[in-house]
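One-letter residues, chain by chain:
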Amino acid sequence: MKKLKYHDLNFDVNTAVDEMFRSFDQVIYVDINNDIVADLKNSDTLLNFDYESMNSDEFFRYVRNNLIFESDREVFDNVQIAGKLNAELGVKWSDGIFRKCYCKTVRISANEFIYMLLDLTEYSNECENIKTKYLEVENIQRMQYRKNSHKYRLIIEQTNIVLYEWYAETNSVIFSDNARRHFRGYYDSDFNLDEIFNSGVVYKEDIDFLKKCLDDIYKGILKDKDIKVRLINLDGKYIWYNITISPVLDENGKLIMAVGTILDVNKATNYLIKLKYRAEIDDLTRLSNPYKFTEDMNRLMKNDNKNYAMIVLDIEKFKAINEIYGIEFADNLLRYIAHTLKSLVRREDLTGRFSGDCFGIFVEYNSDEQIVSLIERICKCVSFYKGAALTVVFGVYRVLDNKIPRRKILDYANMAKSTVKGKNLKRFAFYEDSMLLKMLEEQHIENDMDQALYNGQFTMFLQPRYDIQTSEIIGAEALVRWLHPDRGIMMPNKFIGLFEKNGFVVKLDRYMWEQACIQIRKWMDDGLRPVPISVNVSRINVENPQLTEIFDGLVEKYQIDKKYLELEITETVYYDNQDVFLDTLEKLKNSGYTLLMDDFGSGFSSLNMLKNTPFDILKIDRNFLDETIITDKGKKIIDHTIKLSNDIGIEIVAEGVETKEQAEYLLQCGCNTAQGYYYSKPVSLDEFERLFNTG
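Throughout what follows, the structure given in this document is the object of discussion. Quick caveat: nothing in here was measured; it's all calculated off a predicted structure.

## Topic: the overall build of the chain
The secondary structure content of the chain amounts to 26 helices and 27 strands. Within the chain, buried positions represent 48% of all 695 residues. Residue pairs at least 24 apart in sequence account for 58% of intrachain contacts in the chain once pairs closer than 6 positions are excluded. On the chain, roughly 36800 Å² of surface is accessible, and the fraction owed to carbon and sulfur atoms is 49%.

In structure tokens, the structure reads:
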């Protein structure tokens, strides 16, 4: 066959194009970049609104929301996404009546499109004529004529749309001639629907769905249906097709047949499936994200006859794992946990990742023992990962009322989990109502905290630090008390933990630092000899690289010597973030501040830490003192720890000294400084000055 360019033919392209345009009722040109819309046929059947004042986005939005039939708007959206798509849509004509139209979209360039519309009302009206007599020769001939009419031949020849007719009585299907260009099989004559299902043309997982839709049409449950199923193409691949199903009834409302279209929408559907997957699935772990998890939970909880429980879990000190082993290790760990959870729960149960290292499981259960058994199996599997020891904590909420707001289910499980955070001997907790009361109490505290700071309700108390040998006050530790107008004096254990979680401790710390500076300045102005006041520096503040500048600003503001403002940092802060904090601690030390390690012995103290520590003073934790001093071995540990510290130039302060025997033994070991109830509890500023002056 000879191949020629179109200009070598005796063929009028313009006439051919004009003929094609004449076959359509409306031809619209759209240039998105330049906001241009043109009615190429000047038919003005659709564009009878003020679109000249609109940009492209406004134009398409108006068309979608005002000119497209409501049930067809999703199809219209698919047209916009695909850029080149053929579809049937209900379109509002200039006379205000919606008509079924065939829409063909042609992309001219990246930003230019032609939309061609064909009014299919004639087709719809002719279907109504079949209601009087069905399956008679005359009506079949009329149907064949319609299929072969000029408009429908144009659709079949120039588009990818396949037309079909399904006859209810014989369960047979007739396809338009172009079906052979799409599907495997023979379509020269009537094809029995059961044969189609058995031939492998329809993807096996979609067969039941398609059968149910046809059954609903047959029973009159559905009037019109637009579905997506996978059919096998000529390449032997299952791809997505959109199938419209429209029933045709006789005068008694009995189904005669169903007619419709089959359209390849594989590209657009796969795109939407991918978007849906990304919207519902966590990219790292392939578990459900919170949105998908909640949707599936709603589906399960419609069954009132089953008991469900929400289990939330996360890894203690996951941030430290990230820092020590690296992000790639941590990501692989999260994937491993996700795989473990999916392997340990039933297929019907739900697993999801909510954020960071926080996971959720929603399970059906019969007893608490069943839940505990699942938790123990999870712990066994994830206690170690590639040499890293892990601690996983769990919170459990038993769903007692299926109508409870879904957000509360997660909140209650998290409340239970928070009660075991940081507790070495307990790994899980079931939600109890007392936890909610505690949360409400914390909410009241959070509601009052800003106003309390503004009104000066947070007050500095001082606990004296004594020279054991002379019983002389040589320093003090600043401790906060909340003088609440309704609750009275609130101790730090009621609010400090909460403030550390919500970040308010940053403000409170700085307030207390300034109160200490004010008191030191007052002593100097009153002609009294100041003693050093040590102030607590929380974990969040230690992470601030500007910490040295903040303290320098305070001592400059109140014109006090840095030796009077000592900084206490807990051992766990130093150990957990050693690499991160060393620079900050060195800057503070080099600037002239005295650094105290609070609670020494409560965490992971080691000889290596003593060798590298930037601290000037170690404060022995009272629990460490209580537990070791009661045995001969413990006494030797205390003795050697104090002597070793003294030998390398680090001073020791003993906290929580409560008896004369403890004080005497510490002095014998070489510890010269102590604080505790044996000497004095924390007292007000006036009481401290009285003790100091009378001492």
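## Observations concerning the packing of aromatic side chains
We describe a pair of aromatic rings using the distance from one ring centre to the other and the angle between the two ring planes. Within the structure shown, the criterion is met by 27 aromatic pairs. Where F293 meets F354, the ring centres are 5.1 Å apart and the plane angle is 90 degrees; that geometry is what we call edge-to-face. With a gap of 61 residues between them, F293 in helix 10 (residues 290-300) and F354 in strand 13 (residues 350-355) connect regions that are remote in the sequence. Take F293: its relative accessible area is 2%, and that puts it in the buried class. The exposure class of F354 is buried, given its relative accessible area of 17%. Consider the rings of W523 and F688, whose centres lie 5.7 Å apart with planes at 25 degrees: the pair is stacked. With W523 in helix 17 (residues 505-525) and F688 in helix 26 (residues 685-694), the pair connects residues that are 165 residues apart, well separated along the chain. Taken individually, W523 and F688 each receive the classification buried, so the pair is uniform in this respect. The lysine or arginine in question, R481, covers the ring of F461, its NZ or CZ lying 5.5 Å from the ring centre.

## Section: the packing of helix 14 (residues 406-418) against helix 15 (residues 433-454)
Taken N-terminus to C-terminus, the directions of helix 14 and helix 15 make an angle of 90 degrees; their axes are 10 Å apart at the nearest point. As judged from the angle between their axes, helix 14 and helix 15 are roughly perpendicular. Between helix 14 and helix 15, the residues in contact are Y412, M415 and A416 and M435, L436 and M439, respectively.

## Some details on the sheet that holds strand 17 (residues 392-399)
Taken together, 5 strands build an open sheet; the order of strands is 13-14-12-17-18 and the sheet is mixed. Two strands lie at the open edges of the sheet, namely strand 13 and strand 18 (428-430), each paired on one side alone. Averaged over all adjacent pairs, the angle separating strand axes in this sheet is 20 degrees, with direction ignored. Sheet analysis places strand 17 next to strand 18, joined by 3 bridges and oriented parallel. Opposite V396, over in strand 18, you have F430 as the bridge partner. Of the strands in this sheet, strand 12 (308-315), strand 13 and strand 14 (358-364) touch helix 10, which is tilted by about 145 degrees from strand 13.

## Describing helix 10
Of all the residues in helix 10, the buried ones are F293, D296, M297 and L300. The arc that holds the buried residues of helix 10, viewed along the axis, is 105 degrees, so those residues lie on one side.

## Observations regarding the sheet that holds strand 11 (residues 255-264)
If you trace the 6 strands from one edge of the open sheet to the other, you get 8-7-6-11-10-9, paired in antiparallel fashion. Every other strand in the sheet has two partners, leaving strand 8 (191-192) and strand 9 (225-232) as the edge strands with one partner each. With 6 bridges connecting them, strand 6 (residues 162-167) and strand 11 associate as antiparallel partners. Paired with L163 across the strands is T261, a residue of strand 11. Along the sheet, helix 8 (residues 204-219) makes contact with strand 6, strand 9, strand 10 (238-249) and strand 11, crossing strand 9 at roughly 145 degrees.

## Overview of the pattern of salt bridges
Applying the stated criterion across every chain yields a total of 31 salt bridges. Ionic pairing is found between K507 and D450, a salt bridge with its closest N-O pair at 3.5 Å. One end of the pair, K507, is in helix 17; the other, D450, is in helix 15, and 57 residues separate them in sequence. For D525, the salt bridge identified is with R521, shortest N-O distance 2.9 Å. Here D525 and its partner R521 are both found in helix 17, 4 residues apart, which amounts to about one turn of the helix.

## As for the nonpolar core
Looking at soluble globular proteins, one finds that nonpolar side chains tend to be buried together. Ranked by size, the top nonpolar core spans 70 residues in total, and within it F458, F499 and F551 carry the most contacts. With 8 residues, helix 17 is the single largest residue contributor to this core. Beyond its immediate stretch of four places on either side in the chain, F499 contacts I445, M449, F458, W482, F504, V505 and L508. If you look at the next biggest cluster of nonpolar residues, it comprises 35 residues, including F24, L46, F60 and L67.

## Side note on the environment of L313
With respect to the helices, strands and loops of the structure, L313 is situated in strand 12. Sequence separation between L313 and D357 is 44 residues; the distance between their C-alpha atoms is 8.1 Å. Leaving out residues up to four positions away in the same chain, L313 has contacts with L341, D357, C358, F359, I361, V392, V393, F394 and K417.

## Brief notes about the pairing of strand 5 (residues 112-119)
By the criterion of burial, strand 5 is predominantly enclosed, with 7 of the 8 residues buried. Sheet topology note: the strand 1 (residues 26-31)/strand 5 ladder contains 6 bridges and is antiparallel. Bridging across to strand 5, D31 finds its partner in E112.

## Focus on a nonpolar patch on the surface
On the surface, L437, M439 and L440 cluster together to form a nonpolar patch covering roughly 270 Å² of accessible area. Its place among the elements puts L440 in helix 15. For L440, a relative accessible area of 39% corresponds to the partly exposed category.

Rules used in this analysis
The numbers attached to residues start from 1 for each chain and follow its sequence in the written order. The predicted origin of the model limits local features to residues at a pLDDT of at least 70 and limits the giving and counting of side-chain atom pairs to 80 or more, whereas totals for whole chains, interfaces and linings rest on all residues. Where side-chain values are given, they derive from all heavy atoms of the structure, hydrogens and water being excluded. Each helix is a run of H or I in the DSSP string that is no shorter than four residues. Each strand is a run of E no shorter than two, and both are numbered from the N terminus. Exposure classes here rest on a 1.4 Å probe applied to the protein chains alone. A residue is buried below 20% of its type maximum, exposed above 50%, and partly exposed in between. In what follows, residue pairs with any heavy atoms lying within 4.5 Å of each other are defined as contacts. For the accessible areas, the method is Shrake-Rupley and the probe is 1.4 Å, while residue cover comes only from the protein chains on display. In this scheme Phe, Tyr and Trp rings, the latter by its six-membered ring, pair at centre separations within 6.5 Å, and the angle between planes marks the pair as stacked below 30 degrees, edge-to-face above 60, and tilted otherwise. Geometrically, a lysine NZ or arginine CZ counts as sitting over a ring once it is within 6 Å of the ring centre and also within 35 degrees of the ring normal. Note on method: axes are straight lines fitted to C-alpha atoms, helices fitted across the in-contact stretch only, with angles between N-to-C directions ranging 0 to 180 degrees. Any angle that falls under 35 degrees is termed roughly parallel, while one over 145 is termed roughly antiparallel, one within 65 to 115 roughly perpendicular, and all others oblique. The rule for pairing is simple: two strands pair if DSSP sees at least two bridges between them. In this context, the arc is that of the directions from the helix axis out to the C-beta atoms. We define a salt bridge as a contact between a side-chain nitrogen of Lys or Arg and a carboxyl oxygen of Asp or Glu at a distance within 4 Å. To qualify as a nonpolar core, a set must consist of buried Ala, Val, Leu, Ile, Met, Phe, Trp, Tyr and Cys residues joined through side-chain atoms within 4.5 Å. Surface patches are defined over residues having more than 30% relative accessible area and no salt bridge, joining like charges when they lie within 9 Å and nonpolar side chains (Val, Leu, Ile, Met, Phe, Trp, Tyr) when within 5 Å.

Function-wise, these values are silent; they only describe arrangement.
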